[in-house]
Amino acid sequence: MDTEGTYDGQATRRGHVPRPTTPPPAPPHVPPAPPKPVHAPAVGSTLADWARAPRPQAEPGVWRFGYEPRKGEEAEAATDRSLLIGAVISFLACVLLWSLLTNNYIPYAEVPLKLFTPRDWWEFGGGAADHRGRAALQVYELLLTGALVFWFSRLGSWSLAFERLVAARGSGARVAGAAAVALFVAMLIATRTLPADDLVFSHLPYPELGRAATLTVNLLFVVLYGPVVYLFLRLAGWRGPRGRSAPPATTAAAAPAGLAAQHPPAEDPVRWPQLRGAGLVEVADRLEGEAGGGRMNDVDYARIQRAWDSVRVDPSRMRAFADSVRDKGAGACVHPSGDRDLPVRAARHDLLARQVLLGTVEDGVRNPYARRGTSLALDPDVLGTSLLAVGPSGTGKTQRLVRPVVESLALQALAGQAAVVAVGAAGAQLGPDAAYDVVVRIGDPGSVYDLDLYGGTTDPDEAATLLAEAFVGDVPGIDVRRAATALAQLLGPFRAAHGRFPAVPELRELLDGLPTALDALRRELDGQPAMLRELDARTRQHGAHGDPGPALADRVALLDRPAFAGFFDTTGQGRPFSLRALEHPIRVRVDLPERGHADASRMLARLLLAQFNAAAAARADRSLFAFLAFDDASHTLTAETVRGVQRLRSAHAGVLLTLRTLDDVPEALRTPLLGAVGCRMAFAGVTTWDGKRFAEAWGTEWVETRDVTHRTVFADQPLTRAIHAFRKLVTGKAVTTDAVTVRQVERERWSASDLAHAVPPGHAVLSLTSVSGERAAPLLVRLAGTA
């Protein structure tokens, strides 16, 4: 079908990057891939549950799969002392009231029981006439006991007191506390203080049971004590035989399965109601059968949904779409690579919401009450404002942020929704080669693909601007515009003479002003006076004060090395990758030679960022979300690229930049960089200097503070003075009264000191902004994979 190249196969048109005819050779040392987790969803009924699960609208960053908003408001925090006092007093009151009821000190307590039971069960004086009345009394007493315990436990916050005063001290304390309470309850039953034992065993017809009496008694023991044991095992933290072994994906995917029945049959997403409404009943039946038979996965579902959306925009594609689905079923409209899934997934993804799960918002006072305990995810709506992550080495920036985000965008590329380019050092754990359509290994002779140094453009001025930004954008004292003019004065004449841009050695010779190179170019330009004037102007400026030519030549020399021989070819003999391919759902990984050629790697990183900014903004079709991820963006940013990053949100594109410290960015760009990105992430271990920048970016908020002033009480009466003296002798403290002052003050959301010292390992503080302008305050997040 005609999909404007979105789902087409291999092609050779300009700007398209074909897949290699033979697979690239494997590198000598392939890092081991992580184990393949359970996909969400899998096949068959799991896919139906996944598609039917509710995904309500929520704040930016909320994992919408099966999300239920937290109800109620935050209760006022109680101190440990008040919790303990409240629990003890409520327990004593419960025991007192229970004792009064069971010992008949409260009149008419048994009236409700006698009103709802036969009269012949009771004697005239009010006692039980036979075993039926005694059983009714025992049941009534147990119900009253349960009601009292439930009401006083809520009144005294027993569960909160147990969690705060016992369980918070560790798993050992939790188990010991649960065992003590269980022993207490068992003692009450065994000593017949609670009539449960009598109720179960005193009414059995033992003579009639005969030999079965022993078995019956044992079974009743299990029935009586089994629920008590199970209840206190749960209190001790036990979650069942599969509570620890069940993978998170299975648990989360199955949680909303019960909501599937709420969808009317006409709106069941697995039955493809939108296709049936358009008259494509046969196509919908085929897709429903594919899903029911386990031949469709989440990528297929999202991809076909995306193809149908394109048909709704252009109805002329409907016939081709229908034919494709009839012929191939779940494999219809497949990605040009033929892949229908990634070889391995390292994170949980929801392709209907286009989200990747990063972690869980900590259930603590530093986070807003409504977000505590919720799962946190990223999607193109927030990634479209770009994300800056800062954290020292070893904090998990690659494994817990870059890899999941790149993987999510790669899955969306397979579904025809995105184009992703991942840039990192050779050996970075950004996924296996099979997960990408194009892998560019700069400096590796075995690389199948090359990198287009000029970004696929044919305009000498545009190419010169991009190269100048990459070559000297980080050099203090050099005007990038003058450098771009100098390059344009060489690139234009060379392209006019040879029909292509110069290769790296040729460009170096021209920038060095070698007479042989300039004379040869001048001869080729015979009859083109405009280009000759450009070349003569460059010749006159060469060597003058402020000439950027020598600096440009020095930077080009970093690429004119034996390790890069055969790369950056402009003769058409290689397979150069160009960022002009962002109009297609392509998955690209660029490996930079960081170890042996650090300066060249940083320069190429600057070039890729500049080319991405230009290519994303120049796309004619912006329906695909374009994304560029840097595993290490140190010394990559310039003033112009920072401005370009800010403009990406209107181009349906975004970038992910990770830094070890903000010191890797020029000081003049640190504040503009934090202002240019909409999402900011500070990992555990950042310095106070970096924390100060984040604190300024996140601003302040109004909070309620309480100042407590202790004032000594001076008694006038002799008896009161004696009591106060005795209390001081026992406690060692004078008798005081507390004066509480409550006021609203403006404080930083996260201070520099808190960011440097209060963020636990495996955690990060993350703020989000969506393309539409919605904001999520800085959240303390426990990243996935953190114990």
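Residues numbered from 1 in each chain as written. Predicted model: local features only at pLDDT ≥ 70, side-chain atom pairs only at ≥ 80, totals over all residues. Heavy atoms only, no water.

### Remarks on the overall build of the protein chain
Point 1. Across its full length, the protein chain holds 28 helices and 16 strands.
Point 2. Looking at the protein chain residue by residue over its 787 residues, the buried ones come to 44%.
Point 3. For the protein chain, long-range pairs separated by at least 24 residues make up 75% of all intrachain contacts whose partners lie at least 6 apart in sequence.
Point 4. Looking at the protein chain as shown, the accessible area adds up to about 39200 Å², and 57% of this sits on carbon and sulfur atoms. (Helix = DSSP H or I, 4+ residues; strand = E, 2+ residues; numbered from the N terminus. Buried < 20%, exposed > 50% of the residue type's maximum accessible area, 1.4 Å probe, protein only. Contact = heavy atoms within 4.5 Å. Areas by Shrake-Rupley, 256 points an atom, 1.4 Å probe, with all protein chains shown as cover.)

### Structural notes on empty space enclosed by the protein
Point 1. What the rule picks out here adds up to 3 cavities of 30 Å³ or more.
Point 2. For the second largest cavity, the calculated volume is near 60 Å³.
Point 3. Lining the second largest cavity are Leu342, Val344, Arg403, Val406, Glu407, Ala410, Leu430, Gly431, Pro432, Ala435 and Tyr436.
Point 4. Considered class by class, the residues forming the lining of the second largest cavity number 8 nonpolar, 1 polar and 2 charged. (1 Å grid on protein atoms, 1.4 Å probe; cavity = no way out; pocket = protein on both sides within 12 Å on 5 of 7 lines; lining within 4 Å. Points joined across faces, edges and corners; volume = space filled by probe spheres on them. Nonpolar A, V, L, I, M, F, W, Y, C, P; charged D, E, K, R; others polar.)

### So, the packing of aromatic side chains
Point 1. The full count for this structure, using the stated rule, is 12 aromatic pairs.
Point 2. For the pair Trp151 and Phe152, a centre-to-centre distance of 4.9 Å together with 85 degrees between the ring planes defines the contact as edge-to-face.
Point 3. Judged by its relative accessible area of 52%, Trp151 falls in the exposed class.
Point 4. Ring geometry for Trp308 against Phe321: centres 5.7 Å apart, planes inclined by 45 degrees, an arrangement best described as tilted. Taken together, the residues Trp308 in helix α13 (residues 298-313) and Phe321 in helix α14 (residues 318-328) connect sequence positions 13 residues apart. As far as burial versus exposure is concerned, Trp308 and Phe321 are alike and both buried.
Point 5. Ring pairing ties together the aromatic residues Trp50, Trp272 and Tyr301, which thus form one cluster.
Point 6. The ring of Trp750 carries the charged tip of Arg366 above its face, separated from the ring centre by 3.9 Å.
Point 7. Residue placement shows Arg495 over the ring face of Phe501; its charged tip is 5.0 Å from the ring centre. (Phe/Tyr/Trp six-rings, centres within 6.5 Å; stacked < 30°, edge-to-face > 60°. Lys NZ or Arg CZ within 6 Å of the ring centre and 35° of its normal.)

### Quick word on the pairing of strand β5 (residues 418-425)
Point 1. The buried count for β5 comes to 7 of 8 residues, which makes it a mostly enclosed element.
Point 2. Sheet topology places β5 next to strand β10 (residues 625-630); 6 bridges connect them, and they run parallel. Paired with Val421 across the bridge in β10 is Leu628.
Point 3. Across 6 bridges, β5 lies against strand β9 (residues 587-592) in parallel orientation. Following the sheet pairing, Ala422 is matched in β9 by Arg589. (Pairing = 2+ DSSP bridges.)

### Here's the deal with unusual backbone geometry
Point 1. Notably, Ser157 is not glycine yet its phi reads approximately 50 degrees, a positive angle.
Point 2. Within the secondary structure layout, Ser157 lies in the loop between α4 (131-155) and α5 (158-165).
Point 3. Among the residues examined, Ser157 registers a relative accessible area of 28% and is labelled partly exposed.
Point 4. Of note in this structure, His652 is not a glycine but carries a positive phi near 55 degrees.
Point 5. Along the chain, the position of His652 falls in the loop between α24 (639-647) and β11 (653-659).
Point 6. Judged by relative accessible area, which is 29%, His652 ranks as partly exposed.

### Quick look at the nonpolar core
Point 1. The biggest cluster of nonpolar side chains holds 92 residues, and the ones touching the most others in it are Phe471, Phe568, Phe577 and Phe612.
Point 2. The element that contributes the greatest number of residues to this core is helix α23 (residues 598-618), accounting for 10 residues.
Point 3. For Phe612, the contacting residues outside a window of four places in its chain are Leu579, Leu582, Ala626, Phe627, Leu628, Leu648, Ala653, Gly654 and Val655.
Point 4. Counting 73 residues, the second-largest nonpolar core is a separate cluster that includes Val283, Met296, Trp308 and Ala418. (Core = buried A, V, L, I, M, F, W, Y, C linked by side-chain atoms within 4.5 Å.)

### As for the pattern of salt bridges
Point 1. Per the stated rule, a full pass over the model turns up 44 salt bridges.
Point 2. For Arg276, the salt bridge is made with Asp285, and the minimal N-O distance between the two is 2.8 Å.
Point 3. Here Asp285 falls in the partly exposed class, since its relative accessible area comes to 38%.
Point 4. Salt-bridge contacts for Arg587 lead to Asp437; the nearest nitrogen and oxygen are separated by 2.7 Å. Linking Arg587 in strand β9 with Asp437 in the loop between β5 and β6 (438-441), this pair joins segments that are 150 residues apart in sequence. Of the two residues examined, Arg587 and Asp437, each falls in the buried class. (Salt bridge = Lys/Arg side-chain N within 4 Å of Asp/Glu carboxyl O.)

### Re a nonpolar patch on the surface
Point 1. On the surface, Leu84, Val88, Phe91, Leu92, Val95, Phe184 and Met187 cluster together into a nonpolar patch covering about 610 Å² of accessible area.
Point 2. For the nonpolar patch, the elements supplying multiple residues, two or more each, are α2 (80-102) and α6 (171-190).
Point 3. With 5 residues, α2 is the single largest residue contributor to the nonpolar patch.
Point 4. Looking at where Val95 falls in the secondary structure, it is placed in helix α2.
Point 5. Overall, the relative accessible area of 36% leaves Val95 in the partly exposed class. (Patch = residues over 30% accessible without salt bridge, like charges linked within 9 Å, V, L, I, M, F, W, Y side chains within 5 Å.)

### Observations regarding the confidence of the model for the protein chain
Point 1. The predicted model of the protein chain averages 84 in pLDDT, with 87% of residues at 70 or higher.
Point 2. Confidence over residues 242-261 falls short of pLDDT 50; this stretch has 17 contacts with residues more than four positions distant or in other chains. (pLDDT = per-residue confidence, 0-100.)

### Brief notes about the pairing of strand β16 (residues 775-783)
Point 1. Bridge count for strand β2 (residues 355-361) against β16 is 3 bridges, and the pairing is antiparallel. Bridged to Val361 within β16 is Val781.
Point 2. Judged from the 6 bridges that link them, strand β15 (residues 763-769) and β16 form a sheet pairing that is antiparallel. Within β16, the position partnered with Leu766 by the bridge is Leu779.
Point 3. A loop of 5 residues connects β15 with β16, the two strands running antiparallel in sequence, and Gly773 in this loop sits at a positive phi of about 105 degrees.

### Some points on α5
Point 1. By the burial criterion, the buried members of α5 are Ala161, Phe162 and Leu165. In a view along the axis of α5, the buried residues occupy a sector of 100 degrees, so they form one face of it.
Point 2. Tucked into the core, α5 has its buried residues touching α2, α6 and α9 (212-235). (Arc of directions from axis to C-beta.)

### Quick notes on the packing of helix α22 (residues 549-559) against α23
Point 1. Following both chains from N to C, one finds α22 and α23 inclined at 105 degrees, their axes separated by 9 Å at the closest point. Compared by their axis directions, α22 and α23 come out roughly perpendicular. Taking contact as the criterion, the partners of Arg555, Leu558 and Leu559 in α22 are, on α23, Asp599, Ala600, Met603, Leu604 and Arg606. (Axes fitted to C-alpha atoms, helices over the stretch in contact; angles between N-to-C directions. Parallel < 35°, antiparallel > 145°, perpendicular 65-115°, else oblique.)

### Things to note about the environment of Leu511
Point 1. Here Leu511 lies in helix α19 (residues 504-512).
Point 2. Taking relative accessible area as the criterion, Leu511 reaches 0% and is therefore assigned buried.
Point 3. When the C-alpha positions of Leu511 and Leu490 are compared, they lie 8.0 Å apart, and in sequence the two are 21 residues distant.
Point 4. In contact with Leu511, other than residues within four places in its own chain, are Leu487, Leu490, His542, Gly549, Leu552, Ala553 and Val556.

### Points about the environment of Leu280
Point 1. Within the fold, Leu280 resides in the loop between α11 (273-277) and α12 (281-292).
Point 2. Separated by 39 residues in sequence, Leu280 and Arg319 have C-alpha atoms that sit 9.8 Å apart.

### With respect to the side chain of Glu469
Point 1. You can see Glu469 is positioned in helix α17 (residues 460-472).
Point 2. In contact with Glu469, other than residues within four places in its own chain, are Val480, Arg606, Ala610, Thr638, Glu640 and Thr641.

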